[in-house]
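# Observations on the model geometry
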Amino acid sequence: MTIDLAQLDALRAYDTPPLANALHGLTDRPANRGYTHPPVQSVLPDVPPMVGTAVTVTISSETPFPTRDGQATAMLPLYEAVAAVEGPKVVVVQDLDQGTGCLWGEVNATLCAAMGCEGVVTDGLVRDLPDVEALGFRLLARGVGVARAWVRVEATGVPVSVGGADIVPGDVVHADR
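Described in the following lines is the structure provided in the data block. All values reported here derive from a predicted model rather than from experimental measurement.

### Regarding the environment of V153
Tracing the sequence through the fold places V153 in strand 9 (residues 152–156). In this structure the C-alpha to C-alpha distance between V153 and T58, which are 95 residues apart in sequence, comes to 6.0 Å. Excluding residues that lie within four positions of it along the chain, V153 makes contacts with V57, T58, I59, A74, M75, P77 and L78.

Put into structure tokens, the structure is as follows:
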């Protein structure tokens, strides 16, 4: 599917609830599907809406790395997946073990923003809120944590389920408060 960048830009003018109402009237999707449910919510509610192509990722953070090399390369699949998608994008991350580790903080937000990523929607934890907010990067998450722990990317480009929303790579994602 080709996504028209002008149409994506036009969606930025809207909050998510009116778009959900419009989709309900225009599609046969059940009225309780297609959007996240609590506890996934914006942890930076004063940033504007984000819209882009979904880059999907699964992570885990509770199992120690067997070697230091494992930790050094744990984020490379994320960067490769973000770089592979053109135009504005939103990374959608399913936390497989609902662990204490944070994939998103200042470093990953900075690197991914430089590749056209507007923000992330995750049922995982995030951190470094003041630094991330200063970048204009958006974070919708289960909550706020403090450490990376043993966070690693398990897979990219796979269907994910985050906060009750089922997302496949290439979906259009719109998110705000």
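### Comments concerning the packing of aromatic side chains
Using the criterion set out here, one finds one aromatic pair in the structure. Their ring planes at 25° and their centres at 5.5 Å tell us that W104 and F137 sit as a pair that is stacked. Within this pair, whereas W104 is found in strand 4 (residues 102–104), its partner F137 is found in the loop between helix 6 (129–135) and strand 7 (138–141), the two being separated by 33 residues in sequence. Per residue, the accessibility class of W104 equals that of F137, and both read buried. In this arrangement the basic side chain of R152 is found over the ring face of F65, its NZ or CZ atom lying 4.1 Å from the centre.

### What about the layout of surface pockets?
Considered as a void within the structure, the second largest pocket measures approximately 320 Å³ in volume. Along the walls of the second largest pocket sit 20 residues, with M75, Y79, V107, N108 and R148 positioned nearest its centre. Among the elements of the structure, helix 3 (68–72), helix 4 (76–83), strand 4 and helix 5 (106–114) are those that each provide at least two residues to the lining of the second largest pocket. Within the lining of the second largest pocket, the residues separate by chemical class into 12 nonpolar, four polar and four charged.

### Quick look at the environment of D97
If you trace the backbone, D97 turns up in the loop between strand 3 (89–95) and strand 4. On a C-alpha basis, the gap between D97 and T58 in space is 9.8 Å, while along the polypeptide they are 39 residues apart. Once you skip the residues sitting within four places of it in the chain, D97 turns out to touch I59, S60, S61 and E62. Reaching out from D97, the side chain makes a polar contact with the backbone nitrogen of S61 at a distance of 3.0 Å. In terms of polar contacts, D97 uses its side chain to reach the backbone amide nitrogen of E62, at 3.0 Å.

### Quick notes on the state of the cysteines
Two cysteines joined by a covalent bond between their sulfur atoms form a disulfide. Inspection of every chain in the model, using the stated rule, returns zero disulfides. Between C117, a cysteine without a disulfide, and C112, which holds the nearest cysteine sulfur, the sulfur-to-sulfur distance is 5.4 Å.

### Remarks on helix 5
Regarding helix 5, the residues found buried are N108, A109 and C112. Buried residues of helix 5 fall within an arc of 100° about the axis and therefore sit on the same side. In this structure, helix 5 carries V107 and A114 as exposed residues pointing more than 90 degrees from its buried face. The secondary structure elements touched by the buried residues of helix 5 are helix 4, strand 4, strand 5 (117–122) and helix 6. G116 occupies a position one or two residues after helix 5 and carries a positive phi of about 95°.

Definitions and limits used
What you see as residue numbers is a count from 1 along each chain, following the sequence as written. For this predicted model, a pLDDT threshold of at least 70 governs which residues receive local features, and a threshold of 80 or more governs which side-chain atom pairs are given and counted, while totals over whole chains, interfaces and linings are taken from all residues. Based on all heavy atoms of the structure, the side-chain values leave hydrogens and waters out of the count. Secondary structure elements are taken from DSSP: a helix is a run of H or I of four residues or more, a strand is a run of E of two residues or more, and numbering for both begins at the N terminus. In this description, contact between two residues means that some pair of their heavy atoms is separated by no more than 4.5 Å. Paired rings are identified among Phe, Tyr and Trp, the last through its six-membered ring, by centres lying within 6.5 Å, and are further divided according to the angle between planes into stacked (under 30 degrees), edge-to-face (over 60) and tilted (the rest). Burial status follows relative accessibility: with a 1.4 Å probe on protein chains alone, a residue under 20% of its type maximum counts as buried, one over 50% as exposed, and anything between as partly exposed. Lysine NZ or arginine CZ positioned within 6 Å of the ring centre and within 35 degrees of the ring normal marks a charge as sitting over the ring. Cavities and pockets are found on a 1 Å grid laid over the protein atoms alone: a cavity is a set of points where a 1.4 Å probe fits but cannot escape, a pocket is an open set with protein on both sides within 12 Å along at least five of seven lines, and a lining residue has an atom within 4 Å of such a point. Grid points are joined across faces, edges and corners, and a volume is the space filled by probe spheres set on the points. Residue classes follow a fixed rule: Ala, Val, Leu, Ile, Met, Phe, Trp, Tyr, Cys and Pro count as nonpolar, while Asp, Glu, Lys and Arg count as charged, and any other residue, Gly among them, counts as polar. Whenever a nitrogen or oxygen atom comes within 3.5 Å of another N or O atom, the pair is scored as a polar contact, on the condition that within protein one atom can donate a hydrogen and the other can accept it, and that pairs from neighbouring residues in sequence are kept only if both atoms are in side chains. Cysteine sulfur pairs qualify as disulfides if the two atoms are within 2.5 Å. The arc in question is formed by the directions pointing from the helix axis toward the C-beta atoms.

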